[in-house]
Amino acid sequence: DQATDEMPLAEVIAMAQQATADLRDLDDDGQQDYYKASDILTTVVDTIDAKYNKTIPSGVSTGLSALDELVCGLRPGNMVVVGGLTGSGKTILGLQITQHVTCKLDGVGLAFSMEMTKEELITRGIASIGAVNLSALDSGDLNDDDWPRITSAVSVLNKAKLFVNDQAGMTVARIRSIARQCQRREGLSILLIDYIQLITAESNSNRSLEVGKISTALKNLAKELKIPVVVLAQLNRGSTNRPDKRPRPSDIRDSGQIEQDADVVILVHRDMDSEEGQNGVTELIVGKVRHARVGSCLVQ
């Protein structure tokens, strides 16, 4: 109505801005929006002292001691990107970390699997915990000594507070809603997303831009929930053209924003041309970590 009157344009814009600000004030959730440095110092110093005295861990353990030494554990509010080519084992690594938090540390985990069904994900969990060959589980060609390990793994998973969602076409908004609901009802220690490029964009604009927006939204979700969010990501084939075939953070497919948003980037690399790779040895390359040094370690 004001725009159709003969009011100066600057006044119309100013009044519109004020009206928007008033609406924003209605969304006041009672949280403080800014803090004085002196108000934060006590908490920070207490945390430093506790870490020095080893009374609290520096981060959530991944269950892999060599990886923990590199990344100093997974920190609340951090987005941890696990990248790898198809079939490299990134899903297994993400699941192992989540299982360690829920099965060994008595935490609560929520896994979004947009590539596999919930049954396939739990089957991988049984294979991982029970040290049973996944191919044998799929084919049914099991040995007699596999069954005790399967039974033990089932018992462990049965007690774990591990929740799974395998709905297709998930958006970040839907993931956030479900994660907040799970945190409110169950408590939440870790969130796993498999994998970022399968999250449905909410518009049909440039794919790189949309994946970048999804990445930033997931980083914001980690800060909001105050837990580590482990995000799996596909890599492009650039590394296969290098002499050493080792991936880099810049190989993450679709958007460089994922690398920028990540607090930690772990790249899963198995060189099948080497004897180690053929024997199941996988290299975990920490290509980015905000609070420690980059490096790599070997796991099996």
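Residues numbered from 1 in each chain as written. Predicted model: local features only at pLDDT ≥ 70, side-chain atom pairs only at ≥ 80, totals over all residues. Heavy atoms only, no water.

Caption draft 1: A look at the environment of Thr-47. Along the polypeptide, Thr-47 turns up in helix 2 (residues 37-52). In this structure Thr-47 comes out as partly exposed when scored by relative accessible area, which is 30%. (Helix = DSSP H or I, 4+ residues; strand = E, 2+ residues; numbered from the N terminus. Buried < 20%, exposed > 50% of the residue type's maximum accessible area, 1.4 Å probe, protein only.)

Caption draft 2: The arrangement of the packing of helix 8 (residues 172-186) against helix 9 (residues 207-225) in detail. The geometry of helix 8 relative to helix 9 is characterised by a closest axis approach of 11 Å and an angle of 15° between their N-to-C directions. Between helix 8 and helix 9, the angle is such that the two are roughly parallel. Helix 9 is crossed by helix 8, and the crossing has right-handed handedness. Between helix 8 and helix 9, the residues in contact are Val-172, Ile-175, Arg-176, Ala-179, Arg-180 and Gln-183 and Ile-214, Ala-217, Leu-221, Glu-224 and Leu-225, respectively. (Axes fitted to C-alpha atoms, helices over the stretch in contact; angles between N-to-C directions. Parallel < 35°, antiparallel > 145°, perpendicular 65-115°, else oblique. Left-handed = near helix turned anticlockwise from the far one by under 90°. Contact = heavy atoms within 4.5 Å.)

Caption draft 3: Up close: a nonpolar patch on the surface. On the surface, a cluster of nonpolar side chains totalling about 380 Å² of accessible area is made up of Tyr-35, Ile-40, Val-44 and Ile-48. Topologically, Ile-40 is positioned in helix 2. Looking at Ile-40, the relative accessible area reads 38%, which means it is partly exposed. (Patch = residues over 30% accessible without salt bridge, like charges linked within 9 Å, V, L, I, M, F, W, Y side chains within 5 Å. Areas by Shrake-Rupley, 256 points an atom, 1.4 Å probe, with all protein chains shown as cover. Salt bridge = Lys/Arg side-chain N within 4 Å of Asp/Glu carboxyl O.)

Caption draft 4: Seen up close, unusual backbone geometry. Put simply, Asp-194 and Tyr-195 share a cis peptide bond, and its omega is -5°. Considering the arrangement of structural elements, one finds Tyr-195 in the loop between strand 4 (190-194) and helix 9. The residue Ala-131 is not glycine, and still its phi comes out positive at about 55°. With respect to the secondary-structure elements, Ala-131 resides in the loop between helix 5 (118-130) and helix 6 (134-139). For Lys-226, which is not a glycine, the phi torsion comes out positive at approximately 60°. A relative accessible area of 62% means that Lys-226 is categorised as exposed.

Caption draft 5: Representation of the sheet that holds strand 6 (residues 264-269) within the structure. The eight strands lie next to each other as 3-2-4-5-1-6-7-8, forming an open sheet whose pairing is mixed. Edge positions in the sheet fall to strand 3 (161-165) and strand 8 (295-299), since each of these pairs with one other strand and no more. Recorded for the sheet is a direction-independent mean angle of 20° between the axes of neighbouring strands. Of the strands in this sheet, strand 1 (79-84), strand 2 (108-113), strand 3, strand 4, strand 5 (229-234), strand 6 and strand 7 (282-289) touch helix 4 (residues 90-104), which is tilted by about 160° from strand 4. (Pairing = 2+ DSSP bridges.)

Caption draft 6: The packing of helix 4 against helix 5, seen in detail. Put simply, helix 4 and helix 5 touch, their axes get as near as 10 Å, and they point 75° apart. Here helix 5 runs roughly perpendicular to helix 4, going by the angle between their axes. Along the contact surface, helix 4 presents Thr-91, Ile-92, Leu-95, Gln-96, Gln-99 and Cys-103, while helix 5 presents Leu-121, Arg-124, Gly-125, Ser-128 and Ile-129. Partitioning the contact of helix 4 with helix 5 into residue classes produces five nonpolar, five polar and one charged. (Nonpolar A, V, L, I, M, F, W, Y, C, P; charged D, E, K, R; others polar.)

Caption draft 7: Structural detail: the layout of surface pockets. In this structure, the largest pocket spans a volume of roughly 650 Å³. Taken together, 24 residues line the largest pocket, and the ones lying closest to its centre are Leu-64, Ile-92, Gln-96, Ser-128 and Gln-300. Elements with a minimum of two residues in the lining of the largest pocket: helix 4, helix 5 and strand 7. Tallied by class, residues from the lining of the largest pocket come to nine nonpolar, 13 polar and two charged. Approximately 290 Å³ is the volume found for the second largest pocket. Lining the second largest pocket are 16 residues, and of these Leu-85, His-269, Arg-270, Asp-271 and Met-272 sit closest to its centre. Its residues assigned to classes, the lining of the second largest pocket shows five nonpolar, six polar and five charged. (1 Å grid on protein atoms, 1.4 Å probe; cavity = no way out; pocket = protein on both sides within 12 Å on 5 of 7 lines; lining within 4 Å. Points joined across faces, edges and corners; volume = space filled by probe spheres on them.)

Caption draft 8: Examining helix 9 more closely. With 19 residues, helix 9 ought to run about 27 Å at 1.5 Å a step, and its terminal C-alpha atoms sit 27 Å apart, in line with that. Residues of helix 9 that are buried include every one of Glu-210, Val-211, Gly-212, Ile-214, Ser-215, Leu-218, Lys-219, Leu-221, Ala-222 and Leu-225, and no others. Summarising the contacts, the buried residues of helix 9 are in contact with strand 1, helix 8, strand 4, strand 5 and helix 10 (257-261). Backbone nitrogen of Ser-208 and a side-chain oxygen of the N-cap are separated by 2.9 Å at the start of helix 9; the cap is Asn-206. One or two positions beyond helix 9, positive phi appears at Lys-226, with a value near 60°. (Expected span 1.5 Å × (residues − 1). Polar contact = N/O pair within 3.5 Å; in protein donor to acceptor, adjacent residues only side chain to side chain.)

Caption draft 9: Geometry of helix 7 (residues 146-159). Helix length check: helix 7, at 14 residues, gives a terminal C-alpha distance of 21 Å against a target of 20 Å (1.5 Å per residue), a fit within 8%. Three or more residues of helix 7 are buried, namely Asp-146, Ile-150, Ala-153 and Leu-157. Axial view of helix 7: buried residues confined to an arc of 65°, hence all on one face. Residues of helix 7 that are exposed and angled more than 90 degrees away from the buried face: Pro-148, Thr-151, Asn-158 and Lys-159. For helix 7, the secondary structure elements touched by its buried residues are helix 4, helix 5, helix 6 and strand 3. (Arc of directions from axis to C-beta.)

Note that all results are geometric; they support no functional claim without further evidence.
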